[in-house]
Amino acid sequence: MPPTLASLVHHSALKLTVRAGGDRLDVPVRWAHVSELADPVPYMEGGELLLITALKLDAEDPEAMGRYVRRLSKAGVVGLGFAVGVNYDEIPQALVDAAEEENLPLLEVPRRTPFLAISKAVSAAIAADQYRAVTAGFAAQRELTKQALTDGAEGLLRALAAQVDGWAALYDASGAVVAAAPEWAARRAARLTADVERLRERPAPASAVVGGGGGPEHAASGDRLDDRVELHSLGAGRRPRAALAVGTAAAPGTAERYAVHSAIALLTLTTERSRSLYAAQQRIGAAVLRMLLAGEPDHARAVAGHLYGDLLDVPFRVIVAESVPASAARAHPEGQGQAARSPAPSDTAGDPFGGLVEALESAAARAGEAVLVVPEGERLVALVTDGGAAVSACARYATALEASRANGGGGAEADPGDELVVGLSAPAGPIAAAAAYKQSVQALSVARRRGRVFVEHERLAAGSVLPLLADDAVKAFADSLLRALHEHDATGRGDLVASLRAWLSRHGQWDAAAADLGVHRHTLRYRMRRVEEILGRSLDDPDVRMELWLALKATSTD
């Protein structure tokens, strides 16, 4: 611990005598400073032992000494050392009375003790305290490293909590608590999720101090949040991959600070995969994906090993994501106005898929699931466990992103020129991986056409095929196919388009279609012959009837 007035008084070589403020000798001394100024306060920082001989003071004037001592006390001076035998044979009673009035420790310095000796004693004690702190910090670093190597992040957090005499918690990239020590700290750490999310929005490395207290909801639950919590981002990149929370009763000392910084370094190493390792894993994942799509599930399983093997033992889904220009992503009416409680996600700088990858990997890590993520040209392909946390995270991410776009937002770091579209396949196994990939690509195509962020292949059959006709190429085909009939009707020689629509809607039933039109069935037969003559196609051909019906629906203004 740092030197105190008591330790200086008990220093046998200094021979100091306490004349006032004897009950405040346990105050730490930051430095010993000599000043003969009548007002040294502007040069004080607080925590000093001020050494004087009263060369320029009227030390026998009670009012002057009262003002002098009060200013020193308000400035944070922790003690006053008066050298006797220089200007005064003993400490003037006016100064003693003023020190007792303010309860400011007053030490008598004998003539044979130079001020330099006191300064050296304070300096040596401070240096010794710093050395003890550094030594303790190195010991803590060794213990934290040992725990990290043997028990991982959980062991490291336990060691850190013991070192700081408090608690520690680790958050993943999404702000969820993944580990805490002691166990009760998980509940406390969970209340800081909003603070962790704000920390993630700042460039790394970043830190913040959260005071105690808490809101009314915490007071209602009977919890006292009177600790001091430090939040630190973890990761070597611009965006943090995790965060560390350290809760203590007071600000950490030097040794505790060493322990916290060591924990930050070690946790960064354990949570931030090196680029070479990540690249190697992606190459393995790409090889596994190629083998699955080539219909070689046994070879894929052999290559996957322990890294992705668990993923191939259960039904999985294929996710395909693509970044498209915003002009090509049209708003879908059903998606407008869907408010999402989740904050708008944002992509990592320069990577349109960064936010999605972060959501998938964080959710999978918390659930203990394997996830395979592979960049494939302009697309991102992922294999995730069916019904697992990663599938849910993908849907939540897409819902929040779609709601943000509907409200005119886009995420703090998202590129306003690009928009993300995602397709999800039905559940499949290794043998059907190629079919699942095709399904996800089809769902992706529908998402792009409809202006949606996320489409599941399983839900396509539950909807209608008619929205697919909104494509410009389909409309152009329909206009071209029906143009001759529209031109005929424009001359006033009959209503062939309406007659064709009525006849097709009645499945070729002459009487029912004629009744809908209010004409005789022979008139309707004549009109259908004219349609065949003008188009050069037979209405007996089911393919022709299908094309004409779709063309009518594509050009309908109903």
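Just so you know, these numbers come straight off a predicted model, no measurement behind them.

A. The sheet that holds strand 6 (residues 167–171), seen in detail. Taking strand neighbours across the sheet as the criterion, the 5 strands line up as 7-6-10-9-8 in an open arrangement whose pairing is antiparallel. Looking at strand neighbours, the two that pair on one side only are strand 7 (177–181) and strand 8 (207–210), the edges of this open sheet. Taking each pair of neighbouring strands and ignoring which way they run, the sheet shows an average axis angle of 15°. For strand 6 and strand 7, the ladder comprises 4 bridges, and the chain directions are antiparallel. Counted as the bridge partner of A168 is A181 from strand 7. Packing against the sheet, helix 4 (residues 115–164) makes contact with strand 6, strand 7 and strand 10 (242–248), and its axis sits at approximately 150° to strand 6. Of the strands in this sheet, strand 6, strand 8, strand 9 (228–234) and strand 10 touch helix 6 (residues 193–200), which is tilted by about 40° from strand 9.

B. Representation of helix 2 (residues 62–74) in the model. The end-to-end C-alpha separation of helix 2 is 18 Å, in line with the 18 Å expected for 13 residues at 1.5 Å each. Within the span of helix 2, buried status applies to A64, M65, G66, Y68, V69 and L72. Contacts from the buried residues of helix 2 go to strand 3 (48–52), strand 4 (79–83) and helix 3 (93–102). Backbone nitrogen of E63 and a side-chain oxygen of the N-cap are separated by 3.1 Å at the start of helix 2; the cap is D61. Positive phi appears at G76, one or two residues downstream of helix 2, with a value of about 90°.

C. The arrangement of the packing of aromatic side chains in detail. In this structure the tally under the stated criterion is 3 aromatic pairs. Centre to centre, the rings of F82 and Y88 are 6.1 Å apart; their planes meet at 55°, and the pair counts as tilted. Ring plane angle 40° and centroid distance 5.5 Å describe the contact between W503 and W510, whose orientation is recorded as tilted. The class for W510 is partly exposed, based on a relative accessible area of 22%.

D. Representation of the pairing of strand 10 within the structure. Burial runs high along strand 10: 7 of the 7 residues are buried. Here strand 6 runs beside strand 10; their pairing, made up of 5 bridges, is antiparallel. Its bridge partner being in strand 10, Y171 is matched across the sheet by A243. Relative to strand 10, strand 9 is paired through 7 bridges, and the arrangement is antiparallel.

E. Quick peek at a nonpolar patch on the surface. Together, I284, V303 and L307 line one region of the surface with nonpolar side chains, adding up to about 190 Å² of accessible area. Locating V303 in the fold gives a position in helix 10 (residues 297–308). Classification of V303 by relative accessible area gives partly exposed; the value is 34%.

F. Quick look at the nonpolar core. Ranked by size, the top nonpolar core spans 28 residues in total, and within it V288, L292, F316, V318, L372 and L383 carry the most contacts. Contributions of two or more residues to this core are made by helix 9 (275–293), helix 10, strand 11 (316–325), strand 12 (372–376), strand 13 (379–385) and helix 13 (433–450). Tallying contributions element by element places helix 13 first for this core, with 7 residues. Not counting the four nearest positions on each side in its chain, L383 is found in contact with L289, L292, L311, F316, R317, V318, V371 and L372. The next biggest cluster of nonpolar side chains, apart from the first, holds 26 residues, and it includes L50, V77, F82 and L95.

G. Seen up close, the sheet that holds strand 4. The 5 strands lie next to each other as 1-5-4-3-2, forming an open sheet whose pairing is mixed. What marks the edges here is a single partner per strand, and that holds for strand 1 (17–20) and strand 2 (31–34). Shown here is a sheet whose adjacent strand axes are inclined to one another by a mean of 30°, direction ignored. Across 4 bridges, strand 3 lies against strand 4 in parallel orientation.

H. Seen up close, the side chain of S35. In this structure, S35 sits in the loop between strand 2 and strand 3. In this structure S35 touches P40, L50, L51 and I52, once residues within four positions along its chain are discounted.

I. Highlighting the confidence of the model for the protein chain. Residues of the protein chain with pLDDT of at least 70 account for 86%, and the chain-wide mean is 83. In this model residues 213–224 is a low-confidence stretch, pLDDT under 50, and it forms 9 contacts with partners more than four residues away in sequence or in other chains. Within the model, the stretch residues 329–349 combines pLDDT values under 50 with 52 contacts to residues more than four positions away or in other chains.

J. Local environment of the pattern of salt bridges. Inspection of every chain in the model, using the stated rule, returns 20 salt bridges. R506 is paired through a salt bridge with D516; the nearest N and O atoms lie 2.6 Å apart. Here D516 lies in helix 16 (residues 510–517) and R506 lies in the loop between helix 15 (496–505) and helix 16, a separation of 10 residues in the sequence. By relative accessible area, which is 35% here, R506 ends up partly exposed. On the accessibility criterion, D516 (44% relative accessible area) is partly exposed. One continuous salt-bridge network, built from bridges that share partners, spans R317, D386, E456 and E458.

About the criteria used
- Residues numbered from 1 in each chain as written.
- Predicted model: local features only at pLDDT ≥ 70, side-chain atom pairs only at ≥ 80, totals over all residues.
- Heavy atoms only, no water.
- Pairing = 2+ DSSP bridges.
- Helix = DSSP H or I, 4+ residues; strand = E, 2+ residues; numbered from the N terminus.
- Axes fitted to C-alpha atoms, helices over the stretch in contact; angles between N-to-C directions.
- Contact = heavy atoms within 4.5 Å.
- Expected span 1.5 Å × (residues − 1).
- Buried < 20%, exposed > 50% of the residue type's maximum accessible area, 1.4 Å probe, protein only.
- Polar contact = N/O pair within 3.5 Å; in protein donor to acceptor, adjacent residues only side chain to side chain.
- Phe/Tyr/Trp six-rings, centres within 6.5 Å; stacked < 30°, edge-to-face > 60°.
- Patch = residues over 30% accessible without salt bridge, like charges linked within 9 Å, V, L, I, M, F, W, Y side chains within 5 Å.
- Areas by Shrake-Rupley, 256 points an atom, 1.4 Å probe, with all protein chains shown as cover.
- Salt bridge = Lys/Arg side-chain N within 4 Å of Asp/Glu carboxyl O.
- Core = buried A, V, L, I, M, F, W, Y, C linked by side-chain atoms within 4.5 Å.
- pLDDT = per-residue confidence, 0-100.

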